[in-house]
Every structure is written in structure tokens, then in C-alpha cells.
Amino acid sequence: MGRDAITDMEGFELGEPALVCRWRLANRRLPLENRHMRALLARTVNGAPVSTELVAWAKQHIEWTLEQGAAEHPNGVLMLIVDKQGRAAMTVGPFAPLGDVSIMSLTHRAERAATEANRTGVAPETLWVISGESLLWDPICRTGLSGAASLVSQLAQTLGMDVRIRDGLVEAVANKAIDYSEAFLVSDEHGVVPAIDATGSFGRRMSRGYQRLLERR
């Protein structure tokens, strides 16, 4: 993907999207910017690694235009779209919290994210559960972690949690083939979302920590 393939929203129409990233904003800033950029670099578009030129363009676009571009939706969602021809655009839209936060709904979201991860290398949303004394999750693929997932993984380890990868976790939860005391979704767009029917102290703690990050000036 060459630099000349990268532009902004003006002057052309994007073709069929090959990659769409949705990142939560707070007060016209991108709180997890560095983590999102690392996750972007770990992704693929049409089977080819995302170029350093695209990442540099995204960072420059955020630095130069985000404050003005997010004026209408200062706490909205920054969307990066790359089409199959390698053309990229950024835009800001409103944020809408999830209406259904049941364990099954969050599991379905993680399943859809897994499908995306098989295509792009990174899952934008992942399901995490507390089982016994361990925090389990399935990153779907080992190419890279999403920005939000890398934050939660680091925080959990800092707090002394036994963090383990559990291949097939989402399917096991969907099929009720695993015992767990709490579950939550980790999302680049929605943050940490505890399941209403499987809420526990750790998920609430992670959710509060993420919210404080959004409120930080």
C-alpha cells in the first residue's frame, strides 16, 4: 500500500471496505492512541500487512485534524476505513452504548470479531471470563492484540491476576461448556463491558478503570 493510495474523505468515494477500525474518543482525543497504532500495524488488508505509511498517515491525521473533526461528536467514535484498493479515510461518528449486554449478546459480538480477526489479524472485541482463580481469554489469532485488549491484559497482570489464553473460549461459553463466575467484553469502541448476567468485581474494576481513562484530561 503506497503513500499515494492514502488520502482523506474529500474528493473520492471509498470502495468496498477491507478494514474498518472503530476507536472510542474522549473530549476530542484518542485515549489509547499508541496502543491503537500498534494494533493497526499488526493488521492486514487483503492479506498484506498494513504499511508503516498508513500508520504514519493515521497518526498525522489524528494530530492535525481530530480536534476540529470531532467537534460535533467530542466523545464519539473515530473510524478508520481502508478499501480494497488501499485507499484510506478517517471520519468521526456518534457513540452509542450497547443496548444488550447479556452474556449471549457479548458472546455473539466476540464471535463476529473472531471472523474479522481471521481476515485482518486482530479482533477488535474479545470475551474475557473469570474461571476459578484465572482470567481467561482467547485472542483468536496471535498476530496482535487490539488496543483495548492490550490495556486490559497489562492491567490484569499488574494486579497479579493469573491471565491465561484459552483457545476456543468463545465457543465454550456459547455452548455452556465452561464454568465461570463473571464475564466481560473488551472492545476498542465500547471499552470494558461486564455481562449483566455474569457481573463480578474484577470486570467492574476494569470497567471503572477504563472510564477513568476516558475522563482524564
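The preceding data block contains the structure.
Residues numbered from 1 in each chain as written. Predicted model: local features only at pLDDT ≥ 70, side-chain atom pairs only at ≥ 80, totals over all residues. Heavy atoms only, no water.

Chemist: Tell me what's going on with the sheet that holds strand β1 (residues 17–24), and back it up with residues and numbers.
Modeler: As a general point, the strands of a sheet are linked pairwise by backbone hydrogen bonds and lie either parallel or antiparallel. Strand order across the open sheet formed by three strands is β1-β4-β5, with antiparallel pairing between neighbours. The open sheet has two free edges, formed respectively by β1 and β5 (88–93), since each of these has just one partner strand. Averaged over all pairs of adjacent strands, the angle between strand axes in this sheet comes to 20°, irrespective of strand direction. Pairing between β1 and strand β4 (residues 77–83): seven bridges, direction antiparallel. Bridging from a neighbouring strand, Val20 pairs with Ile81 of β4. Strands in contact with helix α1 (residues 33–41) are β1 and β4; relative to β1, the strand with the most contacts, it is inclined by about 165°. (Pairing = 2+ DSSP bridges. Helix = DSSP H or I, 4+ residues; strand = E, 2+ residues; numbered from the N terminus. Axes fitted to C-alpha atoms, helices over the stretch in contact; angles between N-to-C directions. Contact = heavy atoms within 4.5 Å.)

Chemist: How would you summarise the sheet that holds strand β10 (residues 191–194) if you had to cite specific residues and measurements?
Modeler: Across the sheet, five strands lie side by side as β8-β7-β6-β9-β10; this open sheet has mixed pairing. Of all strands in the sheet, those bounded by a partner on one side alone are β8 (162–165) and β10. Averaged over all neighbouring strand pairs, the angle between strand axes comes to 25°, with direction disregarded. In the packing of helix α3 (residues 103–120) onto the sheet, contacts are made with β6 (125–131), β9 (182–187) and β10, and the angle to β6 comes to roughly 130°.

Chemist: Hey, could you go over the packing of α1 against helix α2 (residues 52–69) for me, with residue numbers and the actual values?
Modeler: Here α1 crosses α2 at 155°, and the two axes come no closer than 9 Å. Considering the angle they form, α1 stands roughly antiparallel to α2. Relative to α2, α1 is oriented so that their crossing is right-handed. Two secondary-structure elements touch here, α1 through Glu33, Met37, Leu40 and Leu41 and α2 through Thr52, Val55, Ala58, Lys59 and Ile62. Grouping the constituent residues of the contact of α1 with α2 by class yields six nonpolar, one polar and two charged. (Parallel < 35°, antiparallel > 145°, perpendicular 65-115°, else oblique. Left-handed = near helix turned anticlockwise from the far one by under 90°. Nonpolar A, V, L, I, M, F, W, Y, C, P; charged D, E, K, R; others polar.)

Chemist: An account of the environment of Gly144 is requested, with residue identities and associated values reported.
Modeler: Here Gly144 shows up in the loop between β7 (134–137) and α4 (147–158). Note on Gly144: relative accessible area 15%, which makes it buried. For the pair Gly144 and Met37, spaced 107 residues apart in the sequence, the C-alpha separation amounts to 11 Å. Excluding anything up to four places from it in sequence, Gly144 contacts Ala42, Gly121 and Val122. (Buried < 20%, exposed > 50% of the residue type's maximum accessible area, 1.4 Å probe, protein only.)

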